[in-house]
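# Structure assessment
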Amino acid sequence: MRSGIVTLIGRPNVGKSSLLNALVGRKLSIVSHKPQTTRHAIQGVLHAGDGQVVFVDTPGLHLQARKALNRAMNDAAAGSLHDVDLVVLVVEALRWTEEDQAVLERLQGMPAPVALVVNKVDRVSDKTRLLPELEQLSQRRDFAFVMPLSATQGHNVATLGAEIMARMPEGPPLYPPDMIVSYDNAFLAAEIVREKLTRSLHQELPYSLTVAIERYTVEDLQRGPGQMHRIGAVIWVERDGQKKIVIGEDGSTLKRVGSAARRELERLLDARVFLQLWCRVRENWSDDPKALRQFGLSGE
């Protein structure tokens, strides 16, 4: 039996969450085209024959950490580098930035081996540019291996999973065979609501909101098999003007977000869902350490 822990790390918006979802074969981390969507270190478990890999998806390490929330996200990512068996640095094909270099420098002196995954190769129209790019990247440090892939298209994802599994140390499973994710359904509900908000709202507003679950109950349906998950969620913003945008004219935005979140939760939970959303204001919560602790975003 082989088992181990692997951290996925990189700057924001390189596709770490998409890669985790592809490796495990199930949506565990929310995704959007906006950077810094991931705020927590999220564990997903890959079971394959006589092996098990616990992947840790991390918030994107970024240079501009002006607020307490940004610093907490960086702390959560950096904290996930300790006591792991492999670190996978994820970068975007043909786009090496100052933040990529900063992440690479942070990995200097790491006791665990570091592999390099070059994601989003499906977006490269001229594939002849990839080989020189891979050769150049492989010279930046002594990587355990370098692998190009596309997380969203599934290209080379299975090969990456097999390569990682073969590098895990011998040992007993870290999680039961039926466990795929380390969080509960309340956390899932909050993240799905935040994902729909992030995709629906523009500019900087998604970075000024968070979602907290105030009520979560499960009951058996009176008619027919199955269960009903009753969820009450609060969307916290920092100003009254943001609250008006989240709610929308006659509640249109909140209704649209709620409907999209409910449908996805019903698919993921394989159950009926009754979802209620409210929007409230807590001024400057993203730069308030006390508020971050209450919302589970302190990075601790």
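Preceding this paragraph is the structure being described.
Now for a description of the structure that goes with this document. (Residues numbered from 1 in each chain as written. Predicted model: local features only at pLDDT ≥ 70, side-chain atom pairs only at ≥ 80, totals over all residues. Heavy atoms only, no water.)

Regarding its fold elements, the protein presents 9 helices and 9 strands. Across its three principal directions, the C-alpha atoms of the protein cover 55 × 45 × 40 Å. Counting only residues that meet the buried cut, the protein has 51% of its 300 residues in that class. Of the contacts formed within the protein by residues at least 6 apart in sequence, a portion of 71% connects residues at least 24 apart. Accessible area for the protein stands at about 14600 Å²; split by element, carbon and sulfur atoms hold 46% of it. Positive and negative side-chain charges of the protein, numbering 38 and 36 respectively, have mean locations separated by a distance of 6 Å. (Helix = DSSP H or I, 4+ residues; strand = E, 2+ residues; numbered from the N terminus. Buried < 20%, exposed > 50% of the residue type's maximum accessible area, 1.4 Å probe, protein only. Contact = heavy atoms within 4.5 Å. Areas by Shrake-Rupley, 256 points an atom, 1.4 Å probe, with all protein chains shown as cover. Lys, Arg positive; Asp, Glu negative; His and termini not counted. Charge placed at Lys NZ, Arg CZ, Asp CG, Glu CD.)

With that settled, the discussion passes to the sheet that holds strand β8 (residues 227-237). Pairing is mixed across the open sheet formed by 3 strands, whose spatial order is β7-β8-β9. A strand with exactly one partner marks an edge of an open sheet, and here the two such strands are β7 (210-220) and β9 (272-281). Between one strand axis and the next, the sheet turns by 15 degrees as a mean value, whatever way the strands run. Lying on the sheet, helix α6 (residues 185-200) is in contact with β7, β8 and β9; it crosses β7 at an angle near 130 degrees. In this fold helix α7 (residues 240-247) packs onto β8 and β9, with an angle of close to 155 degrees to the strand it touches most, β9. (Pairing = 2+ DSSP bridges. Axes fitted to C-alpha atoms, helices over the stretch in contact; angles between N-to-C directions.)

Moving on, we get to the packing of aromatic side chains. Overall, the coordinates contain 3 aromatic pairs when judged by the stated rule. Summarising the aromatic geometry, the rings of W236 and F295 are spaced 5.8 Å apart at their centres and angled 35 degrees between planes, so their arrangement reads as tilted. One end of the pair, W236, is in strand β8; the other, F295, is in the segment after α9 (289-294), with 59 residues separating them in the sequence. The burial state of W236 is the same as that of F295; both residues are buried. Aromatic pair W285 and F295: ring centres 5.8 Å apart, planes at 80 degrees, arrangement edge-to-face. On the criterion of sequence distance, the pair formed by W285 in the loop between β9 and α9 and F295 in the segment after α9 is long-range, its members being 10 residues apart. Here the two residues W285 and F295 agree in accessibility, since each one is buried. The ring centre of W96 lies 4.2 Å from the NZ or CZ of R140, which sits over that ring. (Phe/Tyr/Trp six-rings, centres within 6.5 Å; stacked < 30°, edge-to-face > 60°. Lys NZ or Arg CZ within 6 Å of the ring centre and 35° of its normal.)

Attention now moves to the packing of α6 against helix α8 (residues 252-269). At a closest axis distance of 9 Å, the pairing of α6 and α8 adopts a crossing angle of 140 degrees. By the angle between their directions, the pair α6 and α8 is classed as oblique. Between α6 and α8 lies a crossing whose hand is right-handed. Every residue of α8 that contacts α6 at N185, L188, A189, I192, V193, E195, K196, L197 and S200 is listed here: R256, V257, A260, A261, E264, L265, L268 and L269. Of the residues in the contact of α6 with α8, the class split is 11 nonpolar, 2 polar and 4 charged. (Parallel < 35°, antiparallel > 145°, perpendicular 65-115°, else oblique. Left-handed = near helix turned anticlockwise from the far one by under 90°. Nonpolar A, V, L, I, M, F, W, Y, C, P; charged D, E, K, R; others polar.)

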